[in-house]
Amino acid sequence: MGHDEKALESLMRGDRVVSPTAATTAAAYIQDYDAEYRRSIADPEAFWDRIAKELEWFTPWRKVLDWNYPWAKWFVGATCNISYNCLDRHLNGWRKNKVAVIWVGEQGEERIFTYGELARQVNRCANALKALGLKQGDRVTIYLPKIPEQIVAMLACARIGVIHSVVYSGFSAPALESRIKDAESRLVITADVGYDRSKVIKLKPVVDQAVANCGSVETVVVVRREKPGIALAAPKEVDWDDWLAGEKPVCEAVPLDAETPLYILYTSGTTGKPKGVVHVHGGYMVGTYLTTKYVFDLKDNDVYFCVADPGWVTGHSYIVYGPLLNGATILTAEGKPDYPNPGRWWNLIERYGVSIFYTTPTAVRLLMKYGEEWPRKYDLSSLRILGSVGEPINPEAWEWYHRVTGGTKPIMDTWWQTETGMILITPLPSVPLKPGSATRPFLGVEADVVDRTGKPLPANEGGFAVITKPWPAMMRTIYKDPDRYLTYWHTIPNCYTAGDVCRKDDDGYFWFMGRADDVIKVAGNRIGTAEVESALVSHPAVAEAAVIGKPHKTAGEAIKAFVILKQGEHESPELIQGLKDHVLQELGKIAVPQEIDIVPSLPKTRSGKIMRRVLKAKELGQDPGDISTIEE
Ligand code: 6R9
């Protein structure tokens, strides 16, 4: 390891510790993480056994875990239904009339569902699915904007053992088509339009184009939002309201084996073809239930606002399943954080008294760009717990998020993946935080940082993040592609390789440095793209940055940066030099980008992740591969 890399590592060490307030700790379910963690991993099966009993099962399990490396079965022999636990479990008590979902549309509409009303809608929809002849194991593609019907349709499928595949409504027709084809869906549920910054996004023509080549699709159900309603071609195309109109609001949840598939969610990997990640009812239910409860310290009087879209995994686990399993009140809002103005989310927090707010670093940086005056206009005192997900949160964004929300609310930097189903590495509200670190493993979860051979690395040495034991919400396979599932467990022997580069500090805190495939090697020194980006974004003129490695004659790779400037900043040779000097100062010589391009936008996935692969291909004049997940 070169001298410069040492300097880089010590610079990134982040020595600021933010301790929880006495009130936060006093309120928390888990007040002594270290003790609880030790207890949980002394016997993880006993731990998960105890937690699973907080939920309702039709028949109990014979065995908590059947581990036939790398295939897992959890709660073996049990029957359950996640929809039953999200709804019926609450209907038998006082929560029957509690608000389950508050939905706010982009046009300012509001729809509120109690648990009772949500259950009635779900049951009607489940009966309507049955009326179409759908049965356990069939697949349904849900291609809807962020409207409550998305939640209703997901829970209705789950209720009768039908497998849902939610596809983000921003996907193009070819991307939708390939996902419908892979799943061989019999039904597609869509809407006429979605709205995006007041623009009307026509969805039905996208579905028409996609479905034209999908022989498996028998029916297309359409939620019609616009008046007059668009024409539908009967009998294949059915209006959502007509579809549900004659159906009874009662439909028993089907008892399903705990290992019954609940959903397929397509996610992009390092290669072109998207992977259909498969999750099941039992283990996923237990994992999302507990993480939602403990990470966000979720209580009955909270109002929980997660800004994700159900089109990606955070929406599945932490808008729909986890919060409903806990009987929470969920706020969900259609639209972007800066429309009609950058006060959008702060306004919603004030208006609905939001106490838990879960967002992404990308969104935080976007809001930072507009300045602190926006959050300052609103009363945010209802906030209690904050969350971040999707990418490493750079300390500047962390500090801003922390400061504008009152300076005392803990930020849960939650690390996990589509494949993991549930949050795996995360603080709990009572844990001391280090801005930029996802801290330590969740209860019952064992994680480490290792080299290529699986050897655990000493503190502060960068390596691969791995999970060393199975966990209940882990994916069970990749749909129709078990070999691809195996690669996660065979890359490094005896553990699950996440594909992230990471280091643990002296306190065992995990510092994620980006994807393994995003790591750049400059003159043999390993540099995480996220680290350089974080340094650039800490410059006062920079709003966002993306970094790639470019082949370089002598150094192997050189760093190239793409930078979006803040409003009012202008490109100049002095500014470019200033940015280089800044990275030099923040990280050291080896991390300084050789080239910096000022750009108006960056290619991103719908969930806000920068697609460095696309930047790199463009830079090198190569084929970018699958760009179906690209947003702009
Ligand atoms: C939930 C989600 C997974 C990848 C993951 C990692 C990155 C997510 C993070 C984080 C650092 C965090 N990631 N959360 N990196 N800190 N708190 O995002 O799932 O879309 O499948 O992406 O996202 O690189 O490997 P998914």
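Cut-offs applied
- All residue numbers here refer to positions counted from 1 along the written sequence of the relevant chain.
- For this predicted model, a pLDDT threshold of at least 70 governs which residues receive local features, and a threshold of 80 or more governs which side-chain atom pairs are given and counted, while totals over whole chains, interfaces and linings are taken from all residues.
- Water and hydrogen atoms play no part in the side-chain values, which are based on all heavy atoms of the structure.
- Partly exposed residues are those whose accessible area sits between 20% and 50% of the maximum for their type, while under 20% is buried and over 50% is exposed, using a 1.4 Å probe and protein chains only.
- Starting at the N terminus, helices and strands are each numbered in turn, a helix being any DSSP run of H or I of at least four residues and a strand any DSSP run of E of at least two.
- For this quantity, the arc is that covered by the directions from the helix axis to the C-beta atoms.
- Here, residues are in contact when the closest pair of their heavy atoms is within 4.5 Å.
- Note on geometry: axes are lines fitted to C-alpha atoms, helical ones only across the stretch in contact, with angles between N-to-C directions running from 0 to 180 degrees.
- Angles are sorted into four bins: roughly parallel if under 35 degrees, roughly antiparallel if over 145, roughly perpendicular if 65 to 115, and oblique for all others.
- Working rule for handedness: look at the near helix, and if it is turned counterclockwise from the far one by less than a right angle, call the crossing left-handed; if clockwise, right-handed.
- Amino acid classes used here: Ala, Val, Leu, Ile, Met, Phe, Trp, Tyr, Cys and Pro are nonpolar; Asp, Glu, Lys and Arg are charged; the rest, including Gly, are polar.
- We call a residue near a molecule or strand as soon as one heavy atom of that residue lies within 4 Å of the molecule or strand.
- N or O atoms within 3.5 Å of each other form a polar contact, as long as, within protein, one can give a hydrogen and the other can take it, and as long as residues adjacent in sequence are counted only when both atoms are side-chain atoms.
- With residues, only the protein chains shown are counted as cover, and all accessible areas are computed by Shrake-Rupley using a 1.4 Å probe.
- Definition of nonpolar core: a set of buried residues of the types Ala, Val, Leu, Ile, Met, Phe, Trp, Tyr and Cys, connected through side-chain atoms within 4.5 Å.
- Pairing between strands requires that DSSP locate at least two bridges from one strand to the other.
- Here a pair means two rings of Phe, Tyr or Trp (six-membered ring of Trp) with centres within 6.5 Å. Their orientation is stacked below 30 degrees between planes, edge-to-face above 60, and tilted elsewhere.
- Confidence of the predictor at the level of single residues is captured by pLDDT, which takes values from 0 to 100.

Caption draft 1: Examining helix α3 (residues 33-42) more closely. By the burial criterion, the buried members of α3 are Tyr33, Tyr37 and Ser40. The buried residues of α3 occupy one face: seen down the axis, they fall within an arc of 65 degrees. Residues of α3 that are exposed and angled more than 90 degrees away from the buried face: Arg38, Arg39 and Ala42. In this structure, the buried residues of α3 make contact with α4 (44-52).

Caption draft 2: Spatial organisation of the packing of helix α15 (residues 361-370) against helix α17 (residues 395-404). Packing of α15 against α17 brings their axes to within 10 Å, and their N-to-C directions diverge by 70 degrees. As judged from the angle between their axes, α15 and α17 are roughly perpendicular. For the pair α15 and α17, the sense of crossing is left-handed. Along the contact surface, α15 presents Val364, Arg365, Leu367 and Met368, while α17 presents Glu396, Ala397, Trp400 and Tyr401. Grouping the constituent residues of the contact of α15 with α17 by class yields six nonpolar, no polar and two charged.

Caption draft 3: Expanded view of the site of the ligand. With respect to spatial proximity, 17 residues lie near the ligand, and among them Asp413, Thr414, Thr418, Asp500 and Arg515 are the closest. With respect to the ligand, the side chain of Asp413 contributes an N or O atom lying 2.7 Å from a nitrogen atom. Taking Thr418, its side chain carries an N or O atom lying 2.6 Å from an oxygen atom of the ligand. Here the ligand has 530 Å² of accessible area as a free molecule, and 92% of this is covered by the chains.

Caption draft 4: Region of the structure containing the nonpolar core. Counting residues in each nonpolar core, the largest one holds 172 residues, and the members touching the most others are Trp48, Trp57, Phe75, Trp243, Tyr321 and Phe357. Those residues in contact with Trp243 that lie beyond four places of it in its chain are Cys125, Ala128, Leu129, Leu132, Leu187, Ile189, Val221 and Val238. Residues Leu536, Ile559, Ile576 and Ala591 belong to the second largest nonpolar core, which totals 23 residues.

Caption draft 5: Geometry of the side chain of Ser83. With respect to the helices and strands, Ser83 occurs in helix α5 (residues 82-86). Within the structure, the side chain of Ser83 is placed 3.0 Å from the side chain of Arg159, a separation counted as a polar contact. Once residues lying within four places of it in the same chain are set aside, the contact partners of Ser83 are Asp88, Val122, Leu155, Ala158 and Arg159.

Caption draft 6: Here's a closer look at the sheet that holds strand β7 (residues 163-166). In spatial order, the strands read β12-β11-β8-β6-β7-β14-β15-β23; together these eight strands make up an open sheet with mixed pairing. Pairing within the sheet leaves two strands with one partner each, and these edge strands are β12 (237-239) and β23 (477-478). Sitting on the sheet, helix α10 (residues 204-211) touches β6 (139-143), β8 (187-191), β11 (219-223) and β12, and the angle it makes with β8 is about 160 degrees.

Caption draft 7: Inspection of α17 at higher detail. Ala397, Trp398, Trp400, Tyr401, His402 and Val404 are the residues of α17 that are buried. Count one or two residues on from α17 and you reach Gly406, which has phi positive near 120 degrees.

Caption draft 8: Representation of the packing of aromatic side chains. Under the criterion given, the structure shown has 34 aromatic pairs. Each ring, one from Phe47 and one from Trp48, has its centre 4.9 Å from the other, and the planes form 75 degrees; the classification is edge-to-face. A relative accessible area of 5% means that Phe47 is categorised as buried. A centroid spacing of 6.4 Å and a plane angle of 80 degrees characterise the contact between Tyr168 and Phe171, whose relative ring orientation is edge-to-face.

Caption draft 9: Structural context of the side chain of Asp297. Summarising the element assignment, Asp297 is placed in the loop between α12 (281-295) and β16 (303-306). On the accessibility criterion, Asp297 (1% relative accessible area) is buried. Once residues lying within four places of it in the same chain are set aside, the contact partners of Asp297 are Ala27, Ala28, Tyr29, Thr292, Asp302, Arg384, Ile385 and Pro429.

Caption draft 10: Highlighting the confidence of the model for the protein chain. When pLDDT is averaged across the protein chain, the result is 92; 95% of the residues are at 70 or more. Note on residues 1-11: pLDDT under 50 across the span, and 21 contacts to partners over four residues away in sequence or across chains.

Caption draft 11: Fine view of the pairing of strand β30 (residues 595-598). Where strand β29 (residues 556-565) meets β30, four bridges bridge the pair, whose relative direction is parallel. In the strand pairing of β30, Lys560 is matched with Glu595.

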